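Structure at a glance
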Amino acid sequence: MKADPKRVLSGNHFINGNHSATEGAIAAGCTFAAGYPITPSTEIVERIASRFPRVGGMFVQMEDEIASSICLQGGVWSGRKAMTVTSGPGMSLMMEHVGLAQITETPCVFINVQRAGPSTGLPTKTAQADMMQAKWGSHGDYEAIALSPSSPQECFDYTIDCFNLAEEYRMPVFLMSDEMTGHMTEKVVIPPADEIELVERQFYTGSDKYLPYKREANGIPLMSKAGLGHHYHITGLTHDERGYPVLTKPVQEKMMTGLMKKVGDNVDKLTRYEEFMMEDADIALVSYGISFRMAYKAMEMAREKGIKVGLLRMITCWPFPEKPIRELAQKVKSMIMVELNYGQMFLEMDRFSNKYCETDLCGSSGGEVHEPEEILTKILEAAKK
Amino acid sequence: MAEKKGKKKDPKEWRIDIDAERCKGCGFCVEFCPKGTLAMSDDFNSKGYHPPMVANPDSCTYCDMCEMVCPEFAIWQASDVQKKDTHIADDLVRMDRMPHIWCPGCGIGTVVNCFVEALHEAGLDLDKTQIVSGIGCTGRVAGYVDLDSYHTTHGRAIPFATGLALGAPDQKVVVISGDGDLTAIGGNHFFHAARRNADMTVICVNNFTYGMTGGQVTPTAPQKSIAITTPYGAFDRPFNIPFIADSCGANFVARWTTYHVRHLQRAIKTALLTPGFSLVEAISPCPTLYGRRNKLGDGLDLMKFYKEKSVRFKKDQHTTADAEIGFQDQIMVGNFVNRENPSLLNAMDSSLKDKLGDKYVQWPIPG
């Protein structure tokens with residue numbers, strides 16, 4: 001299905017990443033948002049509050065992030081595409097409801113405009129230190145899908161992708177933006193509506209009793225919504241196909257297998273990355289989000305010095321692009337993860353590559369992006385080995 | 001579906017049916033039968049409880065008190081002529097999930113009866129009625145009621161319901177949850193939903209304890225009351241739920257106990273038909289964890305206690321501030337508040353229409 005032209009501001013814009021993400025959500029068909037103010041994400045809810053009533057959307061500012069993160073799920077079961085937006089401390093509060101969306105298989109989008117932590121940390125400064133939280137932050141096991149934009153343009157594009165993935169896999173999806181990407185103003189090209197492909201929710205239309213957790217051939221159960229007469233039951237307890245709580249190991253195992261496999265079986269399809277100058281490289285930078293841009297600059301500087309450096313840029317951080325990383329590790333002699341934390345995605349990269357090559361981290365406390373020279377120093381160290 | 005109320009029933013047409021296997025022997029039906037029709041039998045069912053029996057069939061007026069008060073859906077009036085052969089809750093309770101998890105003498109099943117009858121009488125479209133619960137004993141209600149139902153996280157039924165009600169304005173959204181869920185962990189949401197006049201009916205089953213986790217103190221537990229986390233008595237002042245809802249601006253506020261099944265049912269019906277935020281507090285026995293520790297006896301003793309200790313709210317004499325519940329003290333019951341303030345949906349809609357004019361695109365009901 002194509003986007004609704006009434007909802008798409010096609011044309012060239014000079015806007016920041018947060019505003020661009022809002023336009024992405026509107027273009028994606030999001031008509032329900034719940035949020036709570038928090039720096040540096042607030043421009044998104046501000047624009048939502050202003051734009052939604054003009055495009056048939058509903059925005060409600062809730063009393064806190066806990067409320068926002070479950071209010072939006074009520075919005076989803078009313079039949080709408082829904083999202084919330086926050087940053088570090090808010091994301092921590094929302095974590096219980098990430099788990100609820102996982103176990104109830106509620107399609108929705110969480111945008112995390114990351115800032116430096118822990119706790120209140122640096123509210124107005126960038127970081128990428130919630131990457132592990134997106135995968136492991138809520139209790140219990142689950143698979144996550146998270147996309148990392150590095151520019152306002154990608155905030156638009158990837159927000160649409162997040163909504164599409166949420167609907168396709170019937171689960172919460174993260175857009176892992178950051179303060180710098182959110183507040184950076186650049187050219188954003190919003191394409192004509194008929195060039196924007198949307199995934200629509202698949203509702204059950206059969207005449208038998210609706211089973212909210214009966215998996216179709218693709219592993220994804222069909223959705224329902226309030227008022228169709230299905231009289232379904234949705235619970236955060238371990239449940240069977242009927243949605244009824246059954247508190248036994250066999251049912252837990254069956255439910256968990258379904259949850260894990262719907263992502264696990266589709267990792268190759270979900271994995272998105274880009275490679276730059278990798279043909280002859282013997283040192284590989286690996287990065288994502290805003291850090292990718294610094295890594296790219298450092299790669300150019302190293303190339304000028306005659307060092308054969310390439311760059312793998314992860315678009316999906318979750319599921320982790322295990323296969324391309326492992327393949328790359330067998331080609332190069334050294335891999336360096338560039339990220340704004342003390343080594344979160346580095347841990348993932350390291351465990352898939354340290355068998356084959358040297359690995360190193362170009363991390364950061366957050367607060368500012370890397371100077372390309374910092375990354376260059378790491379490259380030079382690797383080149384000496 | 002409920003038969004017409006107020007009309008005298010022909011005793012030749014009617015009988016009392018008992019499903020002895022559903023019974024947990026609480027004795028509510030026998031005690032509260034106004035005509036002494038019922039008695040406890042000496043028989044045992046397979047669970048080891050004594051079910052009731054019809055001892056004096058001729059005395060029965062088929063008032064349906066036994067049917068309403070039975071928390072196990074185990075006794076009902078039946079008539080071949082009127083084509084009624086099941087409990088009033090049977091069409092709205094997922095009988096494939098019975099027996100429920102509630103203890104003998106727990107009042108939650110009685111509240112379910114009142115809710116179900118209120119739903120029948122309010123004439124709501126059951127395909128367009130949504131039920132949301134949080135966590136705990138009362139949190140299990142959503143799982144047992146055969147509507148579109150949502151068993152959410154602890155304390156967060158109200159914000160979920162807010163999203164559901166805003167997203168689907170054509171649905172009636174009902175929250176049923178316990179006092180711990182709604183006023184402790186969910187207190188903030190409760191205040192704000194009442195303040196916003198969010199479009200929902202909240203039924204708070206208040207048994208003064210966290211039953212599911214073993215009987216810890218809740219914010220409604222009276223001072224001096226014993227809980228497993230207040231073994232020397234509660235120190236802090238309890239919440240007065242109707243007072244909070246009133247002061248936050250709810251459109252309808254009532255409190256009844258599970259002894260007052262008719263009043264409770266009527267209050268829930270009024271709440272269901274009131275636009276905006278409506279709240280009904282149902283004081284309900286937890287014999288296992290509250291009654292026992294506080295020397296109030298079993299479920300039946302607690303029901304008798306409610307009967308004895310209830311005082312009626314009088315508009316000219318009381319305010320909701322007088323409805324605070326002390327230890328082993330009076331319980332003020334009544335319909336406290338009835339307002340007609342615009343609901344959140346209406347306020348949002350008319351404000352946006354006013355400010356945006358032609359540029360306003362009302363959120364369509366999801367098609």
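Residues numbered from 1 in each chain as written. Chains lettered and ligands numbered in written order. Predicted model: local features only at pLDDT ≥ 70, side-chain atom pairs only at ≥ 80, totals over all residues.

**With respect to the overall build of chain B**
Scanning chain B from terminus to terminus reveals twelve helices and 14 strands. Principal axes of the C-alpha set define a box for chain B whose edges measure 70 × 55 × 40 Å. When burial is assessed residue by residue, chain B has 54% of its 367 residues classed as buried. For chain B, restricting intrachain contacts to residue pairs at least 6 apart in sequence, the fraction spanning at least 24 positions comes to 66%. (Helix = DSSP H or I, 4+ residues; strand = E, 2+ residues; numbered from the N terminus. Buried ≥ 20, exposed ≤ 12 C-beta atoms within 10 Å, placed from the backbone. Contact = placed C-beta atoms within 7 Å.)

**Some words on the domain arrangement of chain B**
Residue and element names in this part refer to chain B. The domain architecture assigned to chain B consists of domain 1 (15–87) and domain 2 (108–345). One C-alpha centre belongs to domain 1, the other to domain 2, and the line joining them spans 27 Å. Contact residues are listed per partner, giving nine residues for domain 1 and ten residues for domain 2. Only helix H1 (28–32) and helix H2 (65–69) provide two or more residues apiece to the side of domain 1 that touches domain 2. Across the side of domain 1 that touches domain 2, the residue classes tally to six nonpolar, one polar and two charged. (Domains from an automatic or database assignment. Nonpolar A, V, L, I, M, F, W, Y, C, P; charged D, E, K, R; others polar.)

**Some points on the interface of chain B and chain A**
Opposite the 37 residues of chain B that make contact, chain A presents 42 residues. Elements with a minimum of two residues in the side of chain B that touches chain A: strand S6 (148–151), helix H5 (157–167), helix H7 (187–196) and helix H12 (344–356) of chain B. No other element matches the eight residues that H5 of chain B contributes to the side of chain B that touches chain A. A per-class count over the side of chain B that touches chain A returns 15 nonpolar, 14 polar and eight charged.

**Quick word on the sheet that holds strand S13 (residues 309–314) of chain A**
Residue and element names in this part refer to chain A. The sheet built from five strands is open, its strands ordered S11-S13-S12-S15-S16 with mixed pairing. The open sheet has two edge strands, strand S11 (273–276) and strand S16 (358–362), and neither has a second partner. Adjacent strand axes in the sheet meet at a mean angle of 20°, parallel and antiparallel pairs treated alike. Bridge count between strand S12 (residues 283–288) and S13: six bridges; the pairing is parallel. Directly across from Ala284, in S13, lies its bridge partner Gly310. Relative to S16, helix H13 (residues 372–384) is tilted by about 160°, and along the sheet it contacts S12, S13, strand S15 (334–338) and S16. (Pairing = 2+ DSSP bridges. Axes fitted to C-alpha atoms, helices over the stretch in contact; angles between N-to-C directions.)

**A word on helix H6 (residues 152–169) of chain A**
Helix length check: H6 of chain A (18 residues) gives 25 Å between terminal C-alpha atoms against 26 Å at 1.5 Å per residue, within 8%. At the C-terminal side of H6 of chain A, Arg170 of chain A shows a positive phi close to 50°. (Expected span 1.5 Å × (residues − 1).)

**Remarks on unusual backbone geometry**
All names here are of chain A. Omega for the peptide link from Gly117 to Pro118 comes to 0°, which places this bond in the cis form. For the peptide bond that leads from Trp318 to Pro319, omega is -5°, which places it in the cis range. Counting through the fold element by element, Pro319 comes out in the loop between strand S14 (316–318) and helix H11 (322–329). The backbone phi angle of His231 is positive, close to 50°, even though this residue is not glycine. Its place among the elements puts His231 in the loop between strand S9 (185–190) and strand S10 (233–235).

**Comments concerning the domain arrangement of chain A**
All names here are of chain A. Parsing chain A into structural domains produces domain 1 (5–195) and domain 2 (274–384). Using C-alpha coordinates to define each centre, domain 1 is positioned 27 Å away from domain 2. If you look at the interface, domain 1 gives 23 residues, while domain 2 gives 22 residues. Of all the secondary structure elements, the ones that give two or more residues to the side of domain 1 that touches domain 2 are strand S6 (122–126), helix H5 (131–136), strand S7 (146–147), strand S8 (172–178) and helix H7 (179–183). The element best represented in the side of domain 1 that touches domain 2 is H5, accounting for four residues. For the side of domain 1 that touches domain 2, the residue count by class is 14 nonpolar, five polar and four charged.

**Brief notes about the sheet that holds strand S13 (residues 310–312) of chain B**
Taken in spatial order, the nine strands make up an open sheet running S10(A)-S6(B)-S5(B)-S7(B)-S8(B)-S12(B)-S11(B)-S14(B)-S13(B), and their pairing is mixed. The sheet is open, and its two edges are formed by S10 of chain A together with S13 of chain B, each paired on a single side. For this sheet, the mean inter-axis angle between neighbouring strands, taken without regard to orientation, is 20°. Here strand S11 (residues 252–257) of chain B runs beside strand S12 (residues 277–283) of chain B; their pairing, made up of six bridges, is parallel. Looking across to S12 of chain B, one finds that Arg255 of chain B is bridged to Glu281 of chain B.

**Description of helix H3 (residues 65–77) of chain A**
Residue and element names in this part refer to chain A. Between its first and last C-alpha, H3 extends 19 Å over 13 residues, near the 18 Å set by a 1.5 Å rise per residue. Counting buried positions along H3 yields 13 of 13 residues, so the element is predominantly enclosed. Note on H3: the residue one or two positions beyond its end, Gly79, has a positive phi of about 110°.

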